[in-house]
Amino acid sequence: QTGANDLQTKADRLVQMSICASLARKFPKVTIIGEEELPTDDVTEELIENGHCEEILKKACPAQYTGIKEEELVIWVDPLDGTKEYTEGLLDHVTVLIGIAYGGKAIAGVINQPYYNYEAGAGAVLGRTIWGVLGIGAFGFQLTEAPAGKHIVVTTRSHSSALVNDCIRALNPDSVIRVGGAGNKIIQLIEGKASAYVFASPGCKKWDTCAPEAILHAVGGKITDIHGNSFQYNKEVKHMNSAGVLAALRNYDYYASRIPNNVKQSLVP
């Protein structure tokens, strides 16, 4: 067991060091908040990424963001979302999340799936990057809606509880998908494999939801806590999303209206 946990911690820390140090070098005034508490010592050069993506730079910056100052941005980083699944070899559950917030709101995000296609055999292209910006859209995947009239709920695989299951039962779903990682759950919504993401429990953090929120909102979806409150991403905010998560690409109101009162009373924002 410790073997897997040590592996996970090392992978987490190296990925976060690489992302945060690379961003801090290019954008020294932004606030970067990552899952791991890391020393700010010098990071070895081999962990620094200096490149940029031409495809993204070809897009025009939405007018409402052209005047943003670097120091007004907060970047939330989850170096390895779906950690438990990673240690168990469920590699398609694993994502790297980088979310950008301005004025407390998630405005842009990157979900990288390093092991996407890992079961497709030799010759398959491994990994993909999904990204989105409010006002531009989201890219790197095929936007698909869940089957009409079907209620397919995606929820936690490794953090289940009586409350989580009560809440799902109340929605009377046709089926329930249990997968690891918040990034992975949002992918289920935008690729039409699930119609709602429901997690009636504390445990999810701001670095889990910032990037996925920006991508979901960029394609017209909605994510909130169980009470319907928006998440805030300013640097002073507490890191825990203590009132759970409710998200849908379409028909958000249908699911929100069916969250039972006992569930809401149990989850304090």
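Residues numbered from 1 in each chain as written. Predicted model: local features only at pLDDT ≥ 70, side-chain atom pairs only at ≥ 80, totals over all residues. Heavy atoms only, no water.

Thoughts on the sheet that holds strand β1 (residues 31-34)
As a general point, the strands of a sheet are linked pairwise by backbone hydrogen bonds and lie either parallel or antiparallel. Spatially, six strands are ordered β1-β2-β3-β4-β5-β6 in an open sheet, and the strand pairing comes out mixed. This sheet does not close on itself; its edge strands, each paired only once, are β1 and β6 (137-139). Pairs of neighbouring strands in the sheet enclose a mean axial angle of 15°, with direction left out of account. Here six bridges tie strand β4 (residues 105-113) to strand β5 (residues 128-133), and the two strands are oriented antiparallel to one another. Within β5, the residue paired with V110 across the bridge is W131. Of the strands in this sheet, β1, β2 (73-81), β3 (95-102), β4, β5 and β6 are in contact with helix α6 (residues 206-218), which crosses β4 at around 100°. (Pairing = 2+ DSSP bridges. Helix = DSSP H or I, 4+ residues; strand = E, 2+ residues; numbered from the N terminus. Axes fitted to C-alpha atoms, helices over the stretch in contact; angles between N-to-C directions. Contact = heavy atoms within 4.5 Å.)

Concerning unusual backbone geometry
Glycine aside, residues mostly have negative phi, and peptide bonds are mostly found in the trans state. One non-glycine residue, N172, adopts positive backbone phi at about 50°. Residue placement: N172 occurs in the loop between α4 (162-170) and β8 (175-179). With relative accessibility at 60%, the residue N172 sits in the exposed group. Phi at N251 is positive, roughly 60°, even though this residue is not glycine. Structurally, N251 is set in the loop between β11 (245-248) and α7 (252-256). Exposure remark for N251: the relative accessible area of 59% places this residue in the exposed category. (Buried < 20%, exposed > 50% of the residue type's maximum accessible area, 1.4 Å probe, protein only.)

Points about the environment of A182
With respect to the element layout, A182 can be found in helix α5 (residues 182-190). Each residue touching A182, except ones within four places of it in the same chain, is listed here: D81, Y197, C204, D208 and P212.

Considerations on the pairing of β3
Where burial is concerned, most of β3 is hidden: six out of the eight residues are buried. As paired elements, β2 and β3 share seven bridges and run antiparallel to each other. In the strand pairing of β3, I75 is matched with I100. The pairing of β3 with β4 spans seven bridges and is antiparallel.

Points about the sheet that holds strand β9 (residues 196-199)
Reading across the sheet, the five strands line up as β8-β7-β9-β11-β10 and stay open at both edges, with mixed pairing between neighbours. Strands with a single pairing partner mark the edges of an open sheet, and in this sheet they are β8 and β10 (222-224). Between one strand axis and the next, the sheet turns through 20° on average, direction left out of account. Where β9 lies against β11, three bridges are found, and the strand directions are antiparallel. When the bridges of β11 are listed, V198 appears paired with L246. Contacts from α6 reach β10 and β11 within the one sheet, and its direction differs from that of β10 by about 150°.

As for the packing of aromatic side chains
One pass over the structure, following the stated rule, counts six aromatic pairs. Relative to Y255, the ring of Y254 has its centre 5.0 Å away and its plane inclined at 85°; by these criteria the two rings are edge-to-face. The partly exposed category is assigned to Y254, whose relative accessible area is 26%. What makes Y255 buried here is its relative accessible area of 1%. What links up through ring pairs into an aromatic cluster is the set W76, W207 and Y233. Geometry around Y116 places R128 over its ring, the cationic atom sitting 3.9 Å from the centre. (Phe/Tyr/Trp six-rings, centres within 6.5 Å; stacked < 30°, edge-to-face > 60°. Lys NZ or Arg CZ within 6 Å of the ring centre and 35° of its normal.)

Focus: the UniProt feature "binding site: Mg(2+)" (unreviewed entry) in the protein
UniProt's entry tags E35, D78, L80, D81 and D208 with the feature "binding site: Mg(2+)" (unreviewed entry), counted in the numbering of this structure. Taken along the chain, the residues just named run across 174 residues; in space they keep tight, none of their C-alpha pairs more than 9.7 Å apart. Inspection of the secondary structure puts L80 in strand β2. Relative to the helices and strands, D208 resides in helix α6. A polar contact of 2.7 Å, which involves the side chain of D208, links it to the backbone nitrogen of K205. (UniProt positions renumbered as here; feature names shortened; annotations may be inferred. Polar contact = N/O pair within 3.5 Å; in protein donor to acceptor, adjacent residues only side chain to side chain.)

A look at the side chain of S242
By the element assignment, S242 lies in the loop between β10 and β11. The exposure class of S242 is buried, given its relative accessible area of 15%. For S242, the side chain forms a polar contact with the side chain of K238, separated by 2.7 Å. Those residues within four positions of S242 in sequence are excluded, and the remaining contacts are P202, L267, V268 and P269.

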